[in-house]
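Overview (structure and organization)
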Amino acid sequence: TEEWLAKYKDAATSIENRDKKLTAVAYEVETGLHIVGATAIEDKLQDGVPETISKLGKAGIKLWVLTGDKRETAIEIGYSTKVLSPKMHLTEVVDGPAQKVKTLIAMELMRHIKIGNLPAYQFSSLDHSEGSILKSIMWCFSVLGVWNRRCILAWNQFYLTQVKRMWLSKENYKFEMEDLEEQREADKRKADPRVQRRKVRQLAREIIKEFWSDPNNAHLKKADDNDETSVVSDDPPAVFERAKSARESLQSRRGRKSSEEPSAATIKKLALCNENIFDEEALSMRSYIPTSSTSKFDNRKRTIFERLFAVDKDVRHGQLVKHLNDDYNDALALDVEDQAGKEGIEEMLGVTEPGSPAHQTHFDPKSVRRGLILEGAALKHILNDPVLEEMLFAVASCSESVIACRVSPIQKALLLKMVRKYVEPTPTTLAIGDGANDVGMIQEAHVGIGISGLEGQQAVNSSDFAIAQFRYLEDLLLIHGRWNFMRMSKAVLFFFYKNAALVSTMMLYSVKCLHSGTTLYDSWVLSVFNFVGASLPVVFMAVFDRDLSRDYVMRNPEVYQSGPRKEHMSLRTFIRWVVICVVHVFTVYYFSAPPMQLGGGMTSAYKGLMGNFSSRRVVGDGEGGGIKIFGTTIFGNLVYVVTLKALLETRSIINGEFPTFTCKKGKGEGWPSRMGYTWVGVSWFSVLFYIWFLYMYQLIGRSGPSSFFPFVFVTEHLLNMRSITWVLSILAPTIAIIFDVTGKVYSNIFYPTQSQIHAEIEAQERKKNK
């Protein structure tokens, strides 16, 4: 034993070939042994992980797995969690020489370019430019945006280096400079993305040529490979010569000559005549011609309103049943025995879509599902180089699943940062982990989630949310995340709407007072608008509102796409709110102000009108020519309209249970769960509170001279003695809401969103199950 320990000590302290010497010493002692037993730590998946990942994938969430396990273990985990599928083609970027790793990424990039997965990197996109007037106008706006961003960056740099530096520490100053440099690089990419893409493609071509020019790699090349027809080559394919010969042959038959170049469809048809289902000449040719496909939809059937105001992309791009081609519609209208099936109809009419069974008569490489496996040791050759990073990300973006194994904590953070850097528009990233090695990744992501488990609380302490098991991520994202985004979007738009409506009525009145600055509303009445102006109903909506039930969302996870598709918050949604705000403002003002002008607020009765039975209690009759009554009438109508708008925007009205308060036992939960929050917010905390405030306001004014004194007797004249106040409070809000309801009905019928369609399907299911 002492002799073996001496050998082990010599091997452990050896400078050269230490691993080999340790292995040889281990072989000496590990002989003649009989295994009695073994102990191990069980490391298995939590319950519900495969199902959760499958639903997240159906919801359109792209999943990257960053793990410290070895490659074989990571791949097995990928199959067990359904991140990878048996039919998926895996590209493994393993550790090796820098040239080999870069060449593998470059070849994979060129392959995706040739087969059409990366149209932005094709020559047809890099060199082809449209000359339409609309694109010229958009180009002018983009140039103005570039100069605006550059001026802002220049000012930020001046402020940081000359002013802010005086109180920043060295570490904070360095961090600020690095952040500013990243913004400058991002601005360069946004200015003209084609410049960076040309660099990426040029570098990929140089890497591949350098690899094949090395004599040591000559044996890796197949004997039938030809650079002119290789899928990873940038040289023009020989099919163009065949196309040229075919063109000359056709011209000679017709007896005429033409200098016109062959069209893209002609070249494509000639290329596909090859018997080989994986024609590399055809693949290489795709990079030189603009991609065009015949669709079964007719864009000419789109209306101008669909293009401008439709929120849903399918409606806006003309991909509904009413947008189908006439020939395709007629074919679908045939009898069942006369139909050839959807695939047969598409093939007959020549409107097959990529990926459809009819389209796959010839093998389509784009239909192959791909996965990417990265090793941490191979990433060291790629990271920190902007061109190589974009090359890697372009390959990763074409893969359905990405697994990075043997990655360090810093590499996890860098990979996540790369996603935020190269995706346009910048995506919302989420990182989830359970150990200390996931802290950097969690802090780098927009949303960090820590799993409290056996590996400590470091991930939980550094995260935004903490969950006990991975399967709870399904509820957190698909249910609460979706509901919260929908609620917050409505709340933000509604608060903008109600404040804009308030200011707009004052702007309309400023025209009547010759812009003298006279305020339309009383200062104290104006100050309570943010409380009585449907504030609590909007708060209740932002807390309780649900457009789809929990069970329906769990059965149809694809409804989560309403967020990424910008159904709830987008420019077109904002324009809709602006339009309805303008309509409501003009309706409230011009259906309230003109009837009270030119004596419209005066009455002929001295007493006996409504509540004016005693002339000793109230001075005057139902007169209302003052600015206080005039402005408060309009203000009240605006409060009623805003409150009804909040009720109209609520998708799930909480009616509660009656009676809310009871002393009987066995009535279920307490009053907080039995209250009808929607109606309490609309009535008690909005309309009724506003009326109560008006009476309290004038009552306080009677106590003596103060800022409340000018409002004395205003409420009694306004509500107790003026019938026109109640007539206008019914007429103006009703007309305003009719405009709103009409617009919503028209939009839901002709321009429905996916959420609206699913809500109707759920309503039908609920009705059927009753």
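Structure report, in brief.

Rules behind the numbers
- Residues numbered from 1 in each chain as written.
- Predicted model: local features only at pLDDT ≥ 70, side-chain atom pairs only at ≥ 80, totals over all residues.
- Heavy atoms only, no water.
- Helix = DSSP H or I, 4+ residues; strand = E, 2+ residues; numbered from the N terminus.
- Pairing = 2+ DSSP bridges.
- Axes fitted to C-alpha atoms, helices over the stretch in contact; angles between N-to-C directions.
- Contact = heavy atoms within 4.5 Å.
- Buried < 20%, exposed > 50% of the residue type's maximum accessible area, 1.4 Å probe, protein only.
- Right-handed = clockwise from strand over helix to strand, strands pointing away.
- Polar contact = N/O pair within 3.5 Å; in protein donor to acceptor, adjacent residues only side chain to side chain.

Glancing now at unusual backbone geometry. Positive phi outside glycine occurs at R406, with the angle close to 55°. Residue position: R406 is located in the loop between β4 (401–405) and α19 (409–422). For L514, which is not a glycine, the phi torsion comes out positive at approximately 60°. If you trace the backbone, L514 turns up in the loop between α22 (472–512) and α23 (523–527).

Our next topic: the sheet that holds strand β2 (residues 89–93). Taking strand neighbours across the sheet as the criterion, the four strands line up as β1-β4-β3-β2 in an open arrangement whose pairing is parallel. Each having just a single partner strand, β1 (64–66) and β2 make up the two edges of the open sheet. Averaged over neighbouring strand pairs, the angle between their axes works out to 15° when direction is ignored. Where β2 and strand β3 (residues 370–375) come together, five bridges link them in parallel fashion. The partner of L90 across the bridge, within β3, is G371. Sitting on the sheet, helix α5 (residues 98–115) is in contact with β2 and β3, with an inclination near 150° to β2.

Of the two faces of strand β5 (residues 430–433), the one holding A431 and G433 is buried and the one holding L430 and I432 is not buried anywhere. Two elements, β5 and strand β6 (residues 447–451), share four bridges in a ladder whose sense is parallel. Of the residues in β6, the one forming a bridge with I432 is I449. Considered for its hand, the β-α-β crossover made up of β5, helix α20 (residues 439–444) and β6 is right-handed.

With that settled, the discussion passes to the sheet that holds β6. Strand order in the open sheet made by the three strands is β5-β6-β7, with parallel pairing throughout. In the strand order of this sheet, the two ends are held by β5 and β7 (465–467), each with one partner. Strand-to-strand twist in this sheet, taken as the mean axis angle between neighbours without regard to direction, amounts to 20°. Bridging between β6 and β7 involves three bridges; their strand directions are parallel. Note on β7: the bridge partner recorded for I449 is F465. Sitting on the sheet, α22 touches β5, β6 and β7, and the angle it makes with β7 is about 140°.

Once that is clear, we can look at the side chain of S463. Within the secondary structure layout, S463 lies in the loop between α21 (458–461) and β7. A distance of 2.8 Å separates a polar atom in the side chain of S463 from the backbone oxygen of V460. Here the side chain of S463 touches F465 through a polar contact of 2.9 Å, landing on its backbone oxygen. Here S463 is in contact with I442, G448, I449 and G450, once residues within four sequence places are set aside.

On their own, these measurements won't tell you what the molecule is for.
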